[in-house]
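One letter stands for each residue in the lines below.
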Amino acid sequence: MKIYYGSSGTRSDVSGDAPIEASLESTLDAFRELDPDEGFLGVILDPQFTLQFATHGEDAIRVELLDTSLPAFDGCIADRQFAESLIRAAAAGQDVFNIARASRYQWEHTRL
């Protein structure tokens, strides 16, 4: 899958303008090593949709479902386990947006 990230362990940052191809395990490693204060990771699902994560302290993650055609995103604060489940779903080619919206989390819609 194509990903970008910043502040992930000792890795060099990868710009969203130049994402890299990564395996599920490499993506999970980058996610797990995100700096709790400023780490972020994006998974490009297709040219229109991106799944983004930003750390929100030690245990929480801000999850954003970005639709670049509008542009707009739905976002929520979730736990790391849920965020990892979305990464796994993306790697398996599942509909991440429907999985996320069907979760127990409350999503807020924002137009950019």
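Residues numbered from 1 in each chain as written. Predicted model: local features only at pLDDT ≥ 70, side-chain atom pairs only at ≥ 80, totals over all residues. Heavy atoms only, no water.

**Details of the sheet that holds strand β6 (residues 72–79)**
For step 1, the next point in the chain: With antiparallel pairing, the seven strands of this open sheet are ordered in space as β2-β1-β3-β4-β5-β6-β7. Unpaired on one side and paired on the other, β2 (20–21) and β7 (108–111) mark the two borders of the sheet.
For step 2, the next point in the chain: In the sheet, strand β5 (residues 60–67) pairs with β6 via eight bridges, with the strands oriented antiparallel. Bridge pairing in β6 places glutamate 64 opposite glycine 75.
For step 3, the next point in the chain: The strands that helix α1 (residues 24–32) touches are β1 (2–6), β3 (40–44), β4 (49–56) and β5; relative to β3, the one it contacts most, it runs at about 155°. (Pairing = 2+ DSSP bridges. Helix = DSSP H or I, 4+ residues; strand = E, 2+ residues; numbered from the N terminus. Contact = heavy atoms within 4.5 Å. Axes fitted to C-alpha atoms, helices over the stretch in contact; angles between N-to-C directions.)

**A short note on the pattern of salt bridges**
For step 1, the next point in the chain: Per the stated rule, a full pass over the model turns up five salt bridges.
For step 2, the next point in the chain: Glutamate 84 serves as the salt-bridge partner of arginine 32, at 2.9 Å between the closest nitrogen and oxygen. Remark: glutamate 84 occurs in helix α2 (residues 80–91) and arginine 32 occurs in helix α1; sequence separation between them is 52 residues.
For step 3, the next point in the chain: Of the charged contacts, one joins aspartate 79 and arginine 104 as a salt bridge, the two residues approaching to 3.4 Å between their closest N and O atoms. Of the two residues, aspartate 79 sits in strand β6 while arginine 104 sits in the loop between α3 (96–101) and β7, which places them 25 residues apart along the sequence. (Salt bridge = Lys/Arg side-chain N within 4 Å of Asp/Glu carboxyl O.)

**Describing the packing of α1 against α2**
For step 1, the next point in the chain: Contact pair α1 / α2: the axes reach a minimum separation of 10 Å and the direction vectors enclose 155°. The orientation of α1 with respect to α2, classified from their angle, is roughly antiparallel. The chirality of how α1 crosses α2 is right-handed. Between α1, through Leu24, Thr27, Leu28, Phe31 and Arg32, and α2, the contact on the second element is made entirely by Arg80, Ala83, Glu84, Ile87, Arg88 and Ala91. (Parallel < 35°, antiparallel > 145°, perpendicular 65-115°, else oblique. Left-handed = near helix turned anticlockwise from the far one by under 90°.)

**Looking at the side chain of serine 8**
For step 1, the next point in the chain: Within the fold, serine 8 resides in the loop between β1 and β2.
For step 2, the next point in the chain: Classification of serine 8 by relative accessible area gives buried; the value is 0%.
For step 3, the next point in the chain: There is a polar contact of 2.7 Å between the side chain of serine 8 and the backbone oxygen of alanine 30.
For step 4, the next point in the chain: Serine 8 has contacts with Ala30, Glu33 and Leu34, leaving out every residue within four places of it along the chain. (Buried < 20%, exposed > 50% of the residue type's maximum accessible area, 1.4 Å probe, protein only. Polar contact = N/O pair within 3.5 Å; in protein donor to acceptor, adjacent residues only side chain to side chain.)

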